[in-house]
Amino acid sequence: QVQLVESGGGLVQPGGSLRLSCAASRSIFSIYAMGWYRQAPGKQRESVAIITHSGGTNYADSVKGRFTISRDNAKNTVYLQMNSLEPEGTAVYYCNIQAILPAGDYWGQGTQVTVSA
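Conventions used here
Residues numbered from 1 in each chain as written. Predicted model: local features only at pLDDT ≥ 70, side-chain atom pairs only at ≥ 80, totals over all residues. Heavy atoms only, no water. Pairing = 2+ DSSP bridges. Helix = DSSP H or I, 4+ residues; strand = E, 2+ residues; numbered from the N terminus. Axes fitted to C-alpha atoms, helices over the stretch in contact; angles between N-to-C directions. Buried < 20%, exposed > 50% of the residue type's maximum accessible area, 1.4 Å probe, protein only. Core = buried A, V, L, I, M, F, W, Y, C linked by side-chain atoms within 4.5 Å. Contact = heavy atoms within 4.5 Å.

*Asks:* So, the sheet that holds strand β7 (residues 67-72): which residues are in play, and what are the values?
*Replies:* Judged by pairing direction, the sheet is antiparallel, and its 4 strands sit side by side in the order β1-β3-β8-β7 without closing on themselves. Each edge of the open sheet carries a strand with a single partner, namely β1 (4-7) and β7. The average undirected angle you get between the axes of adjacent strands in this sheet is 15°. Direction of pairing for β1 relative to strand β3 (residues 18-24): antiparallel, over a ladder of 4 bridges. Among the inter-strand pairings, L4 is bridged to a residue of β3, identified as A24.

Written out as structure tokens, the structure reads:
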């Protein structure tokens, strides 16, 4: 069983930055994609950023140019650097790993990000 542990959330002022981290509890030998999603109160969960096994990235239009997803394969860790945060970015952020070996669609427990003055 693979567990994902997220960290880095918190309260930040508009225009500020946060870096989220998500580490797997055990080695994942083959990963299809890693990503970050978020769910704001009263809204559906949405994709924020995804990085594929080949290094390709995809971002939601609302975060392009401000957020950067990266990964450390040796540590089975994925990061989300968030700059120029806006109040609309307030949400619970979840990391996700779609793995081939061990096969599975793994989710973190979520970390709260609040952007407020």
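Anyway, onward from the coordinates.
*Asks:* Quick one: what's the story with unusual backbone geometry, residue by residue and with numbers?
*Replies:* A cis amide bond links L101 to the next residue, P102, at an omega of -5°. On the secondary structure map, P102 appears in the loop between β9 (91-101) and β10 (103-107). A positive phi angle, close to 50°, is found at N76, a residue other than glycine. Here N76 lies in the loop between β7 and β8 (77-82). Here N76 falls in the buried class, since its relative accessible area comes to 8%. One non-glycine residue, S84, lies in the positive phi region at around 50°. With respect to the helices and strands, the residue S84 is situated in the loop between β8 and β9.

*Asks:* Talk me through the nonpolar core; I want residue IDs and the actual numbers.
*Replies:* One finds W36, L80, M82 and Y93 to be the most contacted residues of the largest nonpolar core, which totals 32 residues. For this core, the secondary-structure elements that each account for two or more residues are β3, β4 (30-39), β5 (46-52), β7, β8, β9 and β11 (111-115). Sort the elements by how many residues they give to this core and β9 lands first, with 5 residues. In this structure M82 touches G16, S17, L18, L20, R66, F67, Y93 and V113, once residues within four positions along its chain are discounted.

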